[in-house]
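# Geometric and topological summary
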Amino acid sequence: MESKKVVNFIIFLFFISLFIFRVAFSQEASWKIKAEKIYFHWESQEFEAYENVEFLGRDISVKADYIKGNVKEGFFEAKGNIVFKDKNGEFNAEYMDYYYKDDRAIIKNVKLKYPVPESNEKMYIKGEEVKWEKGNVDLKKGNFTTCSYDIPHYYISSSQVEYFPNDRIVFINMVFFLRFPYPYFYIPIFYVPYYVLPLTKEPSPFPQFGYDSTLGLYFSYPLTYSLWGLPGVLTFLVSQNQGIQFTLNQKYQFPNLSGNINTYYLYNYLYNTDQFKFSLSSLYKPSSNLSLNFNTNYLLYPYSQNYSFQSSAQLSYTLKSFRSNIQANYNKTNSQDTFNTDINSSIRLSDKFNLSTNIKYNTLNIVSRSSVEDLQGNVKFEFNDQGQNFYIYANQRWTNTNDYLLRRLPEVYYSRSFNLLGVPSKMEFLFGNYIEPSYPFTVKTWKMGYYLTLSPKISLSFMNVNANMGYKQEFYGTQDARYILYANLSSNYKISSIVSGGISYNFQWLGRDIITGDLGNSPFYFDYASNLNNLNLSLNLGTPDVRLSFQESYNFITSSLSPLSISGLIRSGNNFVLTARTSYNFNIQKLNPIFLQGTLNYPWLSIGFGSLYDVNLGVFQRVDYRVILKITGDWHYAGNISLTGYYLPSTGNTLYSLSIDKDLHCFNLKFIYYFPFQSFQFSLALKAFPTKGIEFIGRPEGFSLLPNF
């Protein structure tokens, strides 16, 4: 009897759940509710669920001790140990109103935990009341941090927090608090009335301070905001040596139009001078086949009234087989202005035929001088079909004809690839009428030529041989004629696992003029040729981890050897690498200085060095080194200390820089001190977000022999 009651009760619960599922949650996606106890009131269509209640919906889930709702209104309230999850993160709260038909909720006394995009860190948000709607979060009187501790190292207090998943977080009346370690209490560091923290790859700057050799003491204070739903940054920078600087960076995006606006103003109170910069970049794309790129840069020195203006635009249009591209540039200063235009167009007449044109127009105007104009263009008709190529090309310059532009009026070319007794071959024919301005006179004549190229390949068990060899015959309207024999032979061989190398031989023999008997050549500079006869050899001995290599070449025309190139490598896994390079000069019978580079890596230590060693004098000309001490383990101790320096015989050892990278749990600290300049740079950034630092114009840079492997 008791078993029948239990069965009837289970059936009753099943139908109640089915009814709720069909009536209340008949949306586009399926919904489910589970609990230890569920009561449903037929007349009011209210339901109550107790103990281990779980509500599953589209991209969300709710767990609570108690849920009470109304089917008709599409609403329920949840109480006790609430865990609300959406596709972006997790909420813990004590009370929640959820309108499941509208995908919105009101959550009170809430703690949020969201992952930071493209990072292993997490965001933690606490607040009195959260309005959640389709993943977006609006929180009143909240605290934000990325520190996982119950008593965080820092937090951001804000009267209102707006969270847009994978996009940005907006803070209203934001105060940044930093915890003092012992005894712990919080210190307000800075206040911003409106701050936007991008969650994308956009930089997230925070206030910075430090000392730099160019700026001196400086302090940077950024104000981030959102305009048209896109992040912007207004940065205020005051420095000891350069004065006061304002920088504005703003993105914009409208239908078919997007870009960046950047402005910069600097007032140097030491010299009573100022400087203003403005740049605008835009992309306008009203359709898939039409786009316009536009860039403008304006630089003004109000004190001296000097300025420069640069503007460029590129218009691209594509319609089926027709393509056109127009590029224009305009530059103007106090003394001159220039304008350049380049128009390229092409139309594919069929799968085999193509017609393209190019027109260039340039002007240059200099104050108190006459202007210079230049207009030139070319046209090319081309045919391509399975190893055949044919084109007619012509170009002309209608202004500034005294320059050295080679004109082809026209040039006709045809080539065909084929097999000659199984050898890949190519036959070419050329006829052109050329005008070549040169000093002291201009050459005007025609040229006709035919060319045969053979490209045999030989594969053996221990080597491959590739070759390009052929014959050229050319005639000119100046009664000159020449022929050329040429060959490029190359081979890579591998005799054993420890012996390999390569051989290449290049020669070009210029025959005598078949008409005059003189050493044949061209009346034009553009196709001048000379005899070549070179042999190049390379030899590699050893394995990939222990290797010695030699390279040598011999010029048969000058009967001379080039310096013998010698290089070597020793490697031991990822822990040790040593390379060496030098050359031996046969003319003076001496080795050039040996260039040594090496790295030594351990989990706790990394050493890199580069040096030049003079074998003949037995001294080091220069040694550069970098030592990095890696401290691992708990974040209290983890970090890197790096020391770089160099040695010169004339000055001895010189320290260059000392840098410290320290893990501060939810922060990354970086400090660099430059010994020669007696300056330092310091930055403290949140680990969870990318940062944008000051662009130090005077940051020390210079020559270094240190390896980059």
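Above this text you will find the structure in question.
The following refers to the structure shown. (Residues numbered from 1 in each chain as written. Predicted model: local features only at pLDDT ≥ 70, side-chain atom pairs only at ≥ 80, totals over all residues. Heavy atoms only, no water.)

## Observations regarding the overall build of the protein chain
Here is the rule we go by: Starting at the N terminus, helices and strands are each numbered in turn, a helix being any DSSP run of H or I of at least four residues and a strand any DSSP run of E of at least two. Throughout this description, buried means an accessible area under 20% of the type-specific maximum (1.4 Å probe, protein chains only), exposed means over 50%, and partly exposed covers the range between. Should any heavy atoms of two residues lie within 4.5 Å, those residues are considered in contact. Accessible areas in this description were obtained via Shrake-Rupley with a 1.4 Å probe; residue shielding takes into account the shown protein chains only.
Each helix and strand in the protein chain was counted, giving one helix and 45 strands. Put simply, the protein chain has 709 residues, and 35% of those count as buried. For the protein chain, the proportion of contacts with a sequence separation of at least 24, taken over those separated by at least 6, is 36%. For the protein chain, the exposed area adds up to about 40500 Å²; of that, 57% sits on carbon and sulfur atoms.

## Regarding a nonpolar patch on the surface
Where we set the bar: For patch building, the residue pool is restricted to those with more than 30% relative accessible area and no salt bridge; the joining distance is 9 Å between like charges and 5 Å between nonpolar side chains (Val, Leu, Ile, Met, Phe, Trp, Tyr). Here, a salt bridge means any Lys or Arg side-chain nitrogen found within 4 Å of an Asp or Glu carboxyl oxygen.
On the surface, a cluster of nonpolar side chains totalling about 520 Å² of accessible area is made up of Leu-319, Phe-322, Ile-347, Leu-349, Phe-353, Leu-355 and Val-379. For Leu-319, the position within the fold is in strand β20 (residues 306–319). On the accessibility criterion, Leu-319 (43% relative accessible area) is partly exposed.

## Some remarks on the pairing of strand β9 (residues 136–145)
To be explicit about the condition: At least two DSSP bridges between two strands are needed for those strands to be called paired.
Bridge count between strand β8 (residues 122–133) and β9: nine bridges; the pairing is antiparallel. Note on β9: the bridge partner recorded for Trp-132 is Val-137. Hairpin remark: β8 followed by β9, antiparallel, with two residues in the connecting loop; positive phi at Lys-134, about 50°. Taken together, the seven bridges between β9 and strand β10 (residues 154–164) define a ladder with antiparallel strand orientation. Across the sheet, the residue bridging to Leu-139 is Val-161, located in β10.

## Brief notes about the side chain of Ser-657
For clarity, the threshold we go by: As used in this structure description, the phrase polar contact means that two N or O atoms lie within 3.5 Å; if the pair is within protein, one of them must be able to donate a hydrogen and the other to accept it, and residues adjacent in sequence are counted only when both atoms belong to side chains.
Structurally, the position occupied by Ser-657 is in strand β43 (residues 652–664). A distance of 2.6 Å separates polar atoms of two side chains, one belonging to Ser-657 and the other to Thr-644. Non-local contacts of Ser-657, meaning those with residues more than four positions away in its chain, are made with Ser-642, Leu-643, Thr-644, Ile-672, Tyr-673, Tyr-674 and Phe-675.

## Overview of a negative patch on the surface
Applicable threshold: Working convention for charge: Lys and Arg count positive, Asp and Glu count negative, and His plus the chain ends are omitted. By convention, charge coordinates are those of NZ in Lys, CZ in Arg, CG in Asp, or CD in Glu.
A surface patch of negative charge is lined by Glu-36, Glu-51, Asp-65 and Glu-94. With respect to the helices and strands, Asp-65 occurs in strand β4 (residues 60–70). On the basis of relative accessibility, which here comes to 37%, the residue Asp-65 falls in the partly exposed class.

## Some remarks on the environment of Leu-227
Checked against the element boundaries, Leu-227 lands in strand β14 (residues 216–227). Residue classification places Leu-227 among the partly exposed positions, given a relative accessible area of 34%. Taking the C-alpha atoms as reference points, Leu-227 and Lys-251, 24 residues apart in sequence, are found 8.2 Å from one another.

## A short note on the nonpolar core
Let me state the cut-off plainly: Here, the term nonpolar core denotes a set of buried Ala, Val, Leu, Ile, Met, Phe, Trp, Tyr and Cys residues that are joined through side-chain atoms within 4.5 Å.
Counting 53 residues, the largest nonpolar core has Phe-91, Tyr-98 and Ile-107 as the members making the most contacts within it. A per-element tally of this core places strand β7 (residues 104–115) first, with five residues. Residues contacting Phe-91, with those up to four places away along its chain left out, are Ile-82, Val-83, Phe-84, Asp-86, Ile-107, Val-110, Lys-111, Leu-112, Tyr-114, Val-130, Trp-132 and Val-137. Judged by nonpolar contacts, the second largest core, of 10 residues, contains Tyr-391, Leu-430, Val-443 and Tyr-451.

## Here we look at the pattern of salt bridges
By the definition in use, this model includes 12 salt bridges. Residue Glu-90 pairs with Lys-85 through a salt bridge whose shortest N-O separation is 3.9 Å. For Lys-85, a relative accessible area of 39% translates into the label partly exposed. With a shortest N-O distance of 3.3 Å, Glu-474 and Lys-447 are connected by a salt bridge. Here Lys-447 lies in strand β28 (residues 443–454) and Glu-474 lies in strand β30 (residues 463–476), a separation of 27 residues in the sequence. In this structure Glu-474 comes out as buried when scored by relative accessible area, which is 4%. Sharing partners across several salt bridges, the network here consists of Lys-447, Glu-474, Arg-482 and Asp-527.

## Some remarks on the state of the cysteines
This is how it is decided: By disulfide we mean two sulfur atoms from cysteines, separated by a distance within 2.5 Å.
Overall, the coordinates contain zero disulfides when judged by the stated rule. Unpaired in this structure, Cys-147 has its nearest cysteine sulfur neighbour in Cys-666, at a distance of 4.0 Å.

## Thoughts on the environment of Lys-101
With respect to the helices and strands, Lys-101 occurs in the loop between β6 (90–99) and β7. Between the alpha carbons of Lys-101 and Gly-74 there is a distance of 5.6 Å; along the sequence they are 27 residues apart.

## Observations regarding the side chain of Ser-425
Relative to the helices and strands, Ser-425 is located in strand β27 (residues 423–436). A distance of 2.9 Å separates a polar side-chain atom of Ser-425 from the backbone oxygen of Val-423.

## Some remarks on the packing of aromatic side chains
Worth spelling out the cut-off: Working definition: a ring pair exists when centres of Phe, Tyr or Trp rings (six-membered ring for Trp) sit within 6.5 Å. Plane angles under 30 degrees give stacked, over 60 give edge-to-face, the rest tilted.
In the structure shown here, the tally under the stated rule is 41 aromatic pairs. Seen from their ring centres, Tyr-154 and Phe-176 are 5.3 Å apart, and the 15° between their planes marks the pair as stacked. Of this pair, Tyr-154 sits in strand β10 while Phe-176 sits in strand β11 (residues 168–180), and the two are 22 residues apart along the sequence. Every member of this aromatic cluster is reached through a ring pair, and the members are Phe-55, Phe-76, Phe-84, Phe-91, Tyr-98 and Trp-132.

Nothing here speaks to function; it is geometry throughout.
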